[in-house]
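Listed here are the chains, written in short residue letters.
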Amino acid sequence: MSGDGARDHSTFSNYDEIFTQHLSLDLTVDFEQKKLVGSVSHTLTVNRFPASGEVWFDTRNVSVEKVTLESSDGKSSPLSFSFGEESEALGKQLKVELPSGQKQQKYEVKIFYSTGTGEDCPAGQFLDAIQTADKTQPFYFTQCQAIHARSIVPCQDTPARKITYTGKLKVPSGLQALMSAHTTGKEEKEGDGETIFTFNQPVSIPTYLLTILAGRLERREISGRCAVWAEPSLVEASAWEFAETETFLKKGEELCGKYVWGRYDLVVLPPSFPYGGMENPMLTFVTPTLLAGDRSHANVVIHEIAHSWSGNLVTNERWDDFWMNEGFTVFTERAVLRELEGKEAASLASCLGVAHLEESISSFGASHEFTKLQPQLRGEDPDDAFSSVPYEKGYLFLLWLQQLVVPGEPLRFHKFLKKYFDKHAGGVVRFDDFKSIFLSEFPPEKFGAVHMIDWEEMRTEPGMPKKMPYIDERPRKRVEELANSLATSSSPLDDPKIVSEVSSWGSVKRTLLLQRLLEKAPEMREAMKGGGAAAWCQKLDDSFGFSKTKDCEVKSAWCLLGIALDFEPAAKLGAEFVGQQGRMKFTRPMYKALMMRGGSFEALARETFAKERAKYHAVCAKMVERDLRKDWDAERKQQREKEADKLRSKTTATTVRQTGMFLYGRPPPLPPFSIMASMSPRFTGYRPASAAFSQPYRPVTSTNLSYMPLLPPQQAQNPTALPTLSRLPPTQMAVQPVSTSTRHLHQLPAPPLSPQNAARSGPLPTFNQIPQQQQHQPPEMPLHHPPTRLYSGIPTPQQQLQKVPSGAPMTTMQRPLGMPPLPYPPIPPTRTSLQTQVQGAVPPSTTQPLPT
């Protein structure tokens, strides 16, 4: 069930009957009472007059003084209002009664209100001067995503309807006010000690992108349309760190189309900001944890810039489709990264993203609703579903599609995405909207591989994707090698060359090394009992200075590793780290890691949260408090069972990477040449994995395992003579088969033959006879060393073999992982072709002509 016909379940509003087109805000930022006070006017458009005769808004802990109907002649008349439904996740419904007997197409409704204070207003955070970097003036900012705009303004808080808005903000003199809009005026009220700022946002946005900010800020221009705002003590470092913003913006325009928002400014917020960045139009918020001093985390800015198209310009209609904001954004972010910093940087970012995805799925559980690409949210707070799943699973889905239809041509796919952004600019989208434009751009009759897409499975299957794209893991190979060596011994640290090499690595590689070691922590604890783990941690830190780094990504990864190995200095550093900043990416995993180890580490976590809670944003405080309330005895028991299972499994089965195949137990000494056959009539031989296409056939030997030979012409043209599966030796039957639906994408083939050859009814030419230009291999998709660790959900060999009748030939649908790809796309199976898989091979001459 896709649920695509359903409305947004995260709102109490009746936006499908009557909706807000424009908001006019007039607010005072009251630092004494720590709340917003003022009014909001809604310009409402009737889609169909509400059966209830009311317009419904979302609120959370908002006090409503009165509601009036504003007429075009400037007169006001009171309207009756009441509160309706209420839930902990969604807040409270505000019902405003429309004038009876005066059905109109448009209404102007004005609500006078004040917000809650402290955690009663989760979107807003008032900081005392002591909580800021400069400690001289108070600070206020809002964070409305996902459904927190309702706590700063009564509104129809759903991405399904977009709004334009104007704003008037009154703040104490000496403070700068900003909104996600153009600043249109500034007026000093010296007698009142206030400054009034006015704003206008003419491009429609969803309510979660409403932004209010007030604090002591300075501005530095970094290009004609880009500037950085920060507290005075941080502004110079911030301007240097983000000096490349204009370059990123131009590259985004090349890939996605015109930037419609005018300016692109950045604000470096105080440390309590709970996210890495927030893509407010024209005013991106970023965390000071990005100020590493080496521009190593500029990709966060690239990510927020990419939101200028996916999310801000084209928005998910419901929070179920949050991946359509974040997955598209990650896809564009890594495309920009690839263009500007090279393939290795993009590949490493993708590998790191997969690791984060695995962590999130492990945390939820592989069958959890929130691990689906399109989870069904029915009254839940979208914050509860927040994880790397919509980011990374969405990215992997798009990358898989790109490699499916235009392998090796990422820019061709971005031309399609540009059309997608152009078509839906200023609007909202659902999964089926994307599916529709994709199929119109890549019709199955022209792109045969599109038949492989199971759209329903893609959006509803929980856990890791069953169809994984190819990700070049070679850049991480050295990291993996060193992690494996360090996990068993500290002796590599005695080699000055290794120490020098790792010290020269960038943030991503160092973080990846620590994450790989963290995965091996249970085995390391078992092997390093009696204080060995502590000595190992100390030696590692002495060699690389992880505890002294300014890079928050590296520092966080180091603390998590140390905590997992019961290294007390790392636990204390981790507690200190989460007290210095409130970014949820770092705070929640750190508290969870401390709680998981129990004992003194658990006490340290509870003590730290009690002391630092007031510094955190309300969303962060709520999520950490929820984490600490878990039954951690049960969590620790479950974790010990998982670790014990993992250790046991290592003694009974080994996953071996060899030309991309999964092997169970001991691998056969040679690749199973006898099953290198396909019954596809278009198949005439295999391409080599690491040799020129023109190289003639030669047998596989122990010295050329990386070379996958072409079939001899006589066998290629007479597939019925090939050995059947039941005749294979047991060692070769241990190779895992794979169906068409789970084939790794790097096996996907080249374009079809010319129409003349495709229409032939007789035997096709052998691969060596095909002209060189048709012997296509997608660039940057090597057939050796695919990321075998990413496969999930594939049946065991025994389960697969039970489905293959004795004597049946190996067909395309039974080819093993790692086999070189067919030269041409597989044909969607027909009843006849399926019968031939059971009854035996059909000679090419009896096969139907293939489509051109």
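The rules behind these values
Residues numbered from 1 in each chain as written. Predicted model: local features only at pLDDT ≥ 70, side-chain atom pairs only at ≥ 80, totals over all residues. Heavy atoms only, no water. Helix = DSSP H or I, 4+ residues; strand = E, 2+ residues; numbered from the N terminus. Buried < 20%, exposed > 50% of the residue type's maximum accessible area, 1.4 Å probe, protein only. Contact = heavy atoms within 4.5 Å. Areas by Shrake-Rupley, 256 points an atom, 1.4 Å probe, with all protein chains shown as cover. Pairing = 2+ DSSP bridges. Axes fitted to C-alpha atoms, helices over the stretch in contact; angles between N-to-C directions. 1 Å grid on protein atoms, 1.4 Å probe; cavity = no way out; pocket = protein on both sides within 12 Å on 5 of 7 lines; lining within 4 Å. Points joined across faces, edges and corners; volume = space filled by probe spheres on them. Nonpolar A, V, L, I, M, F, W, Y, C, P; charged D, E, K, R; others polar. Core = buried A, V, L, I, M, F, W, Y, C linked by side-chain atoms within 4.5 Å. Salt bridge = Lys/Arg side-chain N within 4 Å of Asp/Glu carboxyl O. Phe/Tyr/Trp six-rings, centres within 6.5 Å; stacked < 30°, edge-to-face > 60°. Parallel < 35°, antiparallel > 145°, perpendicular 65-115°, else oblique. Left-handed = near helix turned anticlockwise from the far one by under 90°.

Quick word on the overall build of the protein chain
Phase 1: Within the protein chain, the regular secondary structure consists of 25 helices and 22 strands.
Phase 2: Evaluated residue by residue, the protein chain yields a buried proportion of 58% over its 852 residues.
Phase 3: Sequence separation of at least 24 residues holds for 74% of the intrachain contacts in the protein chain that already meet a minimum separation of 6.
Phase 4: For the protein chain, the accessible surface area stands at approximately 33,700 Å², while carbon and sulfur atoms represent 51% of it.

Looking at the sheet that holds strand β19 (residues 277-278)
Phase 1: A sheet is described by the order of its strands in space; here five strands give the open sequence β16-β17-β18-β20-β19, paired in mixed fashion. Both edges of this open sheet fall to β16 (218-221) and β19, since each of them pairs with a single strand only.
Phase 2: As paired elements, β19 and strand β20 (residues 283-286) share two bridges and run antiparallel to each other. For glycine 277, the partnering residue across the bridge sits in β20 and is valine 286.
Phase 3: Helix α1 (residues 232-241) contacts β16, β17 (226-230) and β18 (264-268) of the sheet and is inclined by roughly 145° relative to β17.

A short note on empty space enclosed by the protein
Phase 1: By the definition in use, this model includes nine cavities of 30 Å³ or more.
Phase 2: Considering only enclosed or pocket space, the largest cavity measures out at about 210 Å³ in volume.
Phase 3: In this structure, the largest cavity is lined by 20 residues; those nearest its centre are Phe322, Pro382, Ala385, Phe386 and Pro390.
Phase 4: Among the residues making up the lining of the largest cavity, the classes are represented as 14 nonpolar, three polar and three charged.
Phase 5: Approximately 100 Å³ is the volume attributed to the second largest cavity.
Phase 6: Forming the walls of the second largest cavity are Leu373, Lys393, Leu396, Phe397, Glu457, Met458, Glu461, Pro465, Lys466 and Lys467.
Phase 7: Mapped by element, the contributors of at least two residues to the lining of the second largest cavity are α6 (389-405) and α9 (455-460).

With respect to the pairing of β17
Phase 1: With respect to burial, β17 is a largely interior element, five of its five residues being buried.
Phase 2: The alternating pattern of β17 places Cys226, Val228 and Ala230 on one face and Ala227 and Trp229 on the opposite face, and all of these are buried.
Phase 3: The hairpin turn running from β16 into β17, its antiparallel successor, is four residues long.

Structural notes on the environment of tryptophan 558
Phase 1: Relative to the elements of secondary structure, tryptophan 558 occurs in helix α15 (residues 552-564).
Phase 2: Here the alpha-carbon distance between tryptophan 558 and glutamine 515, two residues 43 residues apart in the chain, equals 8.4 Å.
Phase 3: Sequence-distant contacts of tryptophan 558, that is, excluding residues within four places in its chain, are made with Leu514, Cys537, Leu540, Asp541, Phe546, Ser547, Phe567, Ala570 and Leu573.

Observations regarding the sheet that holds strand β1 (residues 18-30)
Phase 1: In spatial order, the strands read β5-β4-β8-β2-β1-β11-β14-β13; together these eight strands make up an open sheet with mixed pairing. Both edges of this open sheet fall to β5 (76-78) and β13 (182-189), since each of them pairs with a single strand only. Ignoring which end each strand starts from, the neighbouring axes of this sheet average 20° apart.
Phase 2: As defined by bridge partners, strand β4 (residues 63-70) adjoins strand β8 (residues 106-114) across six bridges and the pair is classed as antiparallel.

Considering the nonpolar core
Phase 1: With 206 residues, the main nonpolar core has Leu401, Phe413, Phe434, Phe438, Trp536, Leu540 and Trp558 as its most contacted residues.
Phase 2: Per-element tally for this core: the top contributor is α6, with 11 residues.

Things to note about the pattern of salt bridges
Phase 1: The full count for this structure, using the stated rule, is 52 salt bridges.
Phase 2: Among the salt bridges present, the one from lysine 466 reaches glutamate 461, with a minimum N-O distance of 3.7 Å.
Phase 3: Taking the relative accessible area as the measure of exposure, lysine 466 reaches 33% and is therefore partly exposed.
Phase 4: Overall, glutamate 461 belongs to the partly exposed group, its relative accessible area being 27%.
Phase 5: In this structure, arginine 636 and aspartate 633 form a salt bridge, with 2.9 Å as the shortest nitrogen-oxygen distance. You can see arginine 636 and its partner aspartate 633 sitting in helix α20 (residues 632-652), three residues apart, about one turn around the helix.
Phase 6: Exposure remark for aspartate 633: the relative accessible area of 57% places this residue in the exposed category.
Phase 7: Each of Glu473, Arg476, Glu480, Arg516 and Glu519 takes part in a single network of salt bridges with overlapping partners.

Notes on the side chain of glutamate 480
Phase 1: Locating glutamate 480 in the fold gives a position in helix α10 (residues 477-488).
Phase 2: Take glutamate 480: its relative accessible area is 19%, and that puts it in the buried class.

What to know about the packing of aromatic side chains
Phase 1: One pass over the full model with this rule turns up 42 aromatic pairs.
Phase 2: Between tyrosine 259 and tryptophan 309, the aromatic rings sit 6.1 Å apart at their centres with planes inclined by 65°, giving edge-to-face as the arrangement. Taken as a pair, tyrosine 259 in the loop between α2 (245-256) and β18 and tryptophan 309 in the loop between α3 (299-306) and β21 (315-316) lie far apart in primary sequence, 50 residues in all. Tryptophan 309 shares its class with tyrosine 259; the two are buried.
Phase 3: Judged by centre distance (5.9 Å) and plane angle (85°), the ring pair of phenylalanine 273 and phenylalanine 285 falls under edge-to-face. Here phenylalanine 285 lies in strand β20 and phenylalanine 273 lies in the loop between β18 and β19, a separation of 12 residues in the sequence. Per residue, the accessibility class of phenylalanine 273 equals that of phenylalanine 285, and both read buried.

Description of the environment of glycine 574
Phase 1: Examined against the element boundaries, glycine 574 turns out to sit in helix α16 (residues 568-580).
Phase 2: Placed 17 residues apart in sequence, glycine 574 and alanine 557 show a C-alpha to C-alpha distance of 9.7 Å.
Phase 3: If near-sequence neighbours (up to four positions away) are discounted, glycine 574 is found in contact with Cys559 and Met590.

With respect to the packing of α2 against α3
Phase 1: Packing of α2 against α3 leaves a shortest axis separation of 10 Å and a crossing angle of 40°. The angle between α2 and α3 places the two elements in the oblique class. Judged by the sense of rotation from one axis to the other, the crossing of α2 with α3 is right-handed. Every residue of α3 that contacts α2 at Thr245, Phe248 and Leu249 is listed here: Val301, Ile302 and Ile305.

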